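# Structural characterization, general
Read off the chains here:
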Amino acid sequence: MKGIAGRIRKDLKTILILIIVIVLWRVLCLFFFNASCPSVIFCGFPCPGCGLTRAFVLLAEGRFYESITMNPMAIPVVLFILWCLYWHYVKAEKIRFFTPLLIALCLSAIAVYICRMALYFPTRMPMTFTHGSVLGNAVPGYDT
């Protein structure tokens, strides 16, 4: 168990600046734009990850159906993260099948995104258009 804790501490030290930058990004974007997704901020359209944070929270609360409704990719993403954590921290080995699993996850996210945009945009959360984006403010008629 001491080895796992040591690997976690080492990784946290390595990514500490990244964590700080992400937290600052989120705080500043929420303050100035009331959103933290670059896609929503720039063009007003949801991205493939829209709703993932809310889906993770719902999943952690045991509200599985609502989580899947918010973003169906939450469960595969959690499983992928658990797989990576197991291989990196418990087995202390290179993560097996990392690249093919990551590619499959990304392709699945794109497919789910296309389906969600076709079925739910722009009327069902989180697949809604956000007015007041950077493009909306810069290009006349963009938000209409």
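Description of the structure in this document. (Residues numbered from 1 in each chain as written. Predicted model: local features only at pLDDT ≥ 70, side-chain atom pairs only at ≥ 80, totals over all residues. Heavy atoms only, no water.)

## Thoughts on the layout of surface pockets
Considering only enclosed or pocket space, the largest pocket measures out at about 790 Å³ in volume. Contributions of two or more residues to the lining of the largest pocket are made by helix H1 (2-33), helix H2 (38-43), helix H3 (52-60) and helix H6 (98-120). Counting residues per element, the lining of the largest pocket draws most heavily on H6, which supplies five residues. For the lining of the largest pocket, the class distribution of residues is 21 nonpolar, seven polar and two charged. (1 Å grid on protein atoms, 1.4 Å probe; cavity = no way out; pocket = protein on both sides within 12 Å on 5 of 7 lines; lining within 4 Å. Points joined across faces, edges and corners; volume = space filled by probe spheres on them. Helix = DSSP H or I, 4+ residues; strand = E, 2+ residues; numbered from the N terminus. Nonpolar A, V, L, I, M, F, W, Y, C, P; charged D, E, K, R; others polar.)

## As for helix H5 (residues 74-90)
Here H5 contains 17 residues, and its C-alpha end-to-end distance of 23 Å stays within 8% of the 24 Å for a straight helix at 1.5 Å per residue. Here H5 has its buried residues at Ala 74, Val 77, Phe 80, Cys 84, Trp 87 and Tyr 89. Contacts made by the buried residues of H5 are with H1, H3, helix H4 (64-70) and H6. Positive phi shows up at Ala 92, right after H5, with a value of about 55°. (Expected span 1.5 Å × (residues − 1). Buried < 20%, exposed > 50% of the residue type's maximum accessible area, 1.4 Å probe, protein only. Contact = heavy atoms within 4.5 Å.)

## A look at H3
For H3, the complete set of buried residues consists of Leu 52, Ala 55, Leu 58 and Leu 59. Projected down its long axis, H3 shows its buried positions confined to an angular sector of 120°, all on one face. Seen from the buried face of H3, the exposed residues on the opposite side, beyond 90 degrees, are Thr 53 and Ala 60. Residues of H3 that are buried make contact with H4 and H5. Downstream of H3 by a residue or two, Gly 62 has a phi angle that is positive, lying close to 80°. (Arc of directions from axis to C-beta.)

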